[in-house]
Amino acid sequence: MVLKYIIRLIAYKINNVKRILNFFTITFLVFSTSSCYSQQMVQTNIDAKKLKMNEQQFINKSLKILLSEIKPKIKNASGDPSVNWKVRPGFFRFQFVMQQQNDSLKAVGKMPVTILVYVKENFDWDFKKREKRNEFSWTKKDEEKYGNLTVIGLRIYGEY
């Protein structure tokens, strides 16, 4: 009789432990999957200033990590490589407007939001080698080619 009672008690405790483990497993899965879909830091071009405020989050990390935090499409990009990053680092210039829009904004005294990303490594960027009429476009191919470069600094300027 006592043995039956002890066995039932142990079975009851085991079921409770299983329930608790299931609860924690489900809770962990919910939180881990929801964090995977977190919102990007830059939702609009005006939010670009958030990158500078959180600059330390990107220093010594790859360029692709910084780019993953930018939701608006980069419509205008150019690169300025450097031979020696200790003297003058190379950088990329990203804008959310096309080259024609950039020129028309500047003509009326307005500056489009511009993100300068300084990188540690030297890189190859030659307008003559880029696809015609797309010299200033940032493509998936560019992201693959330059995505592993190390970010060493940021500068954000412009208003529109």
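Okay, so let's go over this structure. (Residues numbered from 1 in each chain as written. Predicted model: local features only at pLDDT ≥ 70, side-chain atom pairs only at ≥ 80, totals over all residues. Heavy atoms only, no water.)

**Comments concerning the overall build of the protein chain**
What the protein chain contains, in helices and strands, is five helices and four strands. Helices and strands appear in the protein chain in the N-to-C order α-α-α-β-β-α-β-α-β. Compactness check: the protein chain gives a C-alpha radius of gyration of 25 Å against a globular reference of 15 Å for 160 residues, more than 25% above the reference. Judged by the C-alpha coordinates and their principal axes, the protein chain covers about 95 × 35 × 30 Å. Across the 160 residues that make up the protein chain, the buried fraction comes to 33%. (Helix = DSSP H or I, 4+ residues; strand = E, 2+ residues; numbered from the N terminus. Rg over C-alpha atoms; globule rule 2.2 N^0.38 Å. Buried < 20%, exposed > 50% of the residue type's maximum accessible area, 1.4 Å probe, protein only.)

**Side note on a nonpolar patch on the surface**
Taken together, the side chains of Met1, Val2, Tyr5, Ile6, Leu9, Ile10, Tyr12 and Ile14 make up a nonpolar region of the molecular surface, amounting to roughly 910 Å² of accessible area. Mapped onto the secondary structure, Ile6 falls in helix α1 (residues 2-36). For Ile6, a relative accessible area of 39% corresponds to the partly exposed category. (Patch = residues over 30% accessible without salt bridge, like charges linked within 9 Å, V, L, I, M, F, W, Y side chains within 5 Å. Areas by Shrake-Rupley, 256 points an atom, 1.4 Å probe, with all protein chains shown as cover. Salt bridge = Lys/Arg side-chain N within 4 Å of Asp/Glu carboxyl O.)

**As for the sheet that holds strand β2 (residues 90-95)**
Sheet strands pair by backbone hydrogen bonding; their relative direction is either parallel or antiparallel. Spatially, β1-β2-β3-β4 is the arrangement adopted by the four strands of the open sheet, whose pairing is antiparallel. Each edge of the open sheet is held by one strand with a lone partner, namely β1 (76-80) and β4 (151-157). Neighbour-to-neighbour, the strand axes of the sheet open up by a mean angle of 15°, direction not taken into account. By the bridge criterion, five bridges tie β1 to β2 in an arrangement that is antiparallel. Bridging across to β2, Asp80 finds its partner in Phe91. (Pairing = 2+ DSSP bridges. Axes fitted to C-alpha atoms, helices over the stretch in contact; angles between N-to-C directions.)

**Structural notes on the layout of surface pockets**
Quantified by volume, the largest pocket comes out at close to 280 Å³. Lining the largest pocket, in full, are Asp124, Trp125, Asp126, Lys129, Arg130, Glu131, Asn134, Thr139, Lys141, Asp142, Lys145 and Tyr146. Here the lining of the largest pocket is composed, by residue class, of two nonpolar, two polar and eight charged. Of the volumes computed, that of the second largest pocket is approximately 220 Å³. Lining the second largest pocket, in full, are Leu67, Ile70, Lys71, Pro72, Lys73, Ile74, Trp138, Thr139, Lys140 and Glu143. (1 Å grid on protein atoms, 1.4 Å probe; cavity = no way out; pocket = protein on both sides within 12 Å on 5 of 7 lines; lining within 4 Å. Points joined across faces, edges and corners; volume = space filled by probe spheres on them. Nonpolar A, V, L, I, M, F, W, Y, C, P; charged D, E, K, R; others polar.)

**So, unusual backbone geometry**
Despite not being glycine, Asn60 shows a phi value in the positive range, around 65°. With respect to the helices and strands, Asn60 occurs in the loop between α2 (49-53) and α3 (63-67). The exposed category is assigned to Asn60, whose relative accessible area is 53%.

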